[in-house]
Amino acid sequence: RQEMLRKADIALYEAKNQGRGQYRIFEHVMDESLKTRQQIGADLRLALQTRRDLSVHYQPLVEISGQRIVGFEALVRWQHPVQGMISPTEFIPIAEEMGIIAPLGEWVLREACQTARQWPDLTLAVNVSPLQFRAPGFVERIKAIVSKEQVSPSRIELEITEGVLIDDEKRAKGIIDGLRAAGFRIALDDFGTGYSSLNYLSHFSVDKIKIDRSFTHSLGMSGNAAAVIESVVRLGHAMGLTVTAEGVENRGQMKALARAGCNHLQGYLFSEAVPREQIAGLVNPREAS
């Protein structure tokens, strides 16, 4: 009976993981997948405790001409000693399940603050998990980290997704207002992928919207992609917001986004995310060469 319940629980977990409103029948591959996730989770906890194998890379955000870097987004990387590089899309959900996403996110913020001290003219963007955002005392901890690292909150941009706004809008608004009152900038990431993004802009005070890469990739392939982006940009500017487009990979996309009026661009066309020691080569390429 215990084994039957254990397998039923695994099937239930798989159903939840794939989205609600459905069912899954237990298969042995699910058991193996769960064991793998548990092992990855244990390894991730150890990596966070020892500060080994984890690193923060930085992807530049450039002005619309593509010639000047205005900031960087801090992105966590994990070089597993056995499995090699593990994608954040794989280990971030595991960190959330294990309850270690908050210390992981705070470590990334500290690393970003140390980088910000080296580059006083640039902003540093840091992603915030919905679970980290909702954790008690989040605003106070973020303020304490930035204060200890002696960085102005105005230099730090906190990127949140629509998911942090869904469950408790009143509480989310209070957290965002507290962060902005402390001087932090707030960016709404993956804009356009949710059902109520436009509605959120009228209820929550943010400084920037980041157009999701799926819209950028649709340029030239979908007839209405450019029109959608232009509408989002006009809306953002009308509300006094900065608009950044993610996932820029070629000159055609860059030109279309410039015509649409985007303020900043981000993507492989300019650079992938690089370690801290390579930032100088991006900011001052002539001096680096």
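Above this text is the structure in question.
Residues numbered from 1 in each chain as written. Predicted model: local features only at pLDDT ≥ 70, side-chain atom pairs only at ≥ 80, totals over all residues. Heavy atoms only, no water.

A few words on the side chain of Glu 246. Along the chain, the position of Glu 246 falls in the loop between β8 (242-245) and α12 (251-260). Relative accessible area serves as the criterion here: at 5%, Glu 246 is assigned to the buried category. Excluding anything up to four places from it in sequence, Glu 246 contacts Glu 73, Asp 189, Asp 190, Lys 210, Ile 211, Asp 212, Arg 213, Thr 216 and Gln 266. (Helix = DSSP H or I, 4+ residues; strand = E, 2+ residues; numbered from the N terminus. Buried < 20%, exposed > 50% of the residue type's maximum accessible area, 1.4 Å probe, protein only. Contact = heavy atoms within 4.5 Å.)

Position of Gly 178 among the secondary structure elements: in helix α8 (residues 169-181). With 39 residues separating them along the chain, Gly 178 and Val 139 place their C-alpha atoms 6.9 Å apart.

What you see with β8 is no split at all: Thr 242 and Thr 244 on one side and Val 243 and Ala 245 on the other are buried throughout. Of the strand pairs in this sheet, strand β7 (residues 208-211) and β8 are connected by four bridges, and their pairing is parallel. When the bridges of β8 are listed, Lys 208 appears paired with Thr 242. As judged from the two bridges shared by β8 and strand β9 (residues 264-265), these two strands associate in the parallel manner. Bridging across to β9, Thr 244 finds its partner in His 264. After leaving β8, the chain enters α12 and then returns to the sheet as β9, a path that is right-handed. (Pairing = 2+ DSSP bridges. Right-handed = clockwise from strand over helix to strand, strands pointing away.)

Enumeration over the complete set of coordinates arrives at two aromatic pairs. Ring centres of Trp 78 and Phe 91 lie 5.6 Å apart, and the angle between their planes is 85°; this geometry places the pair in the edge-to-face category. On the criterion of sequence distance, the pair formed by Trp 78 in strand β2 (residues 69-80) and Phe 91 in helix α3 (residues 88-98) is long-range, its members being 13 residues apart. A single burial state applies to Trp 78 and to Phe 91, both of which are buried. (Phe/Tyr/Trp six-rings, centres within 6.5 Å; stacked < 30°, edge-to-face > 60°.)

Listing the buried residues of α3 in full gives Phe 91, Ile 94 and Ala 95. Buried positions in α3, seen along its axis, are confined to an arc of 105° and lie on one side of it. Positive backbone phi, at 80°, marks Gly 99, one or two positions downstream of α3. (Arc of directions from axis to C-beta.)

A separate point is the pattern of salt bridges. Applying the stated rule across the entire model yields 13 salt bridges. A salt bridge links Arg 276 to Glu 111, with the shortest nitrogen-to-oxygen separation between them at 3.1 Å. Here the residue Arg 276 occupies a position in the loop between β10 (274-275) and α13 (279-283), and Glu 111 occupies one in helix α4 (residues 101-118), the gap between them amounting to 165 residues. Lys 210 serves as the salt-bridge partner of Glu 246, at 3.5 Å between the closest nitrogen and oxygen. One end of the pair, Glu 246, is in the loop between β8 and α12; the other, Lys 210, is in strand β7, with 36 residues separating them in the sequence. Shared partners join several salt bridges into a network, and the residues in it are Glu 73, Glu 159, Lys 210 and Glu 246. (Salt bridge = Lys/Arg side-chain N within 4 Å of Asp/Glu carboxyl O.)

Note that an α-helix has 3.6 residues per turn; residues three or four places apart therefore point the same way. Listed in full, the buried residues belonging to α12 are Gln 253, Met 254, Ala 256, Leu 257 and Ala 260. Angularly, the buried residues of α12 cover 165° about the axis, an arc narrow enough to put them on a single face. Facing away from the buried surface of α12 by more than 90 degrees, the exposed residues are Arg 251, Lys 255 and Arg 259. In the core, the buried residues of α12 are packed alongside α10 (213-218), α11 (225-238), β8 and β9. Of the residues trailing α12, Gly 261 is marked for its positive phi of about 100°.

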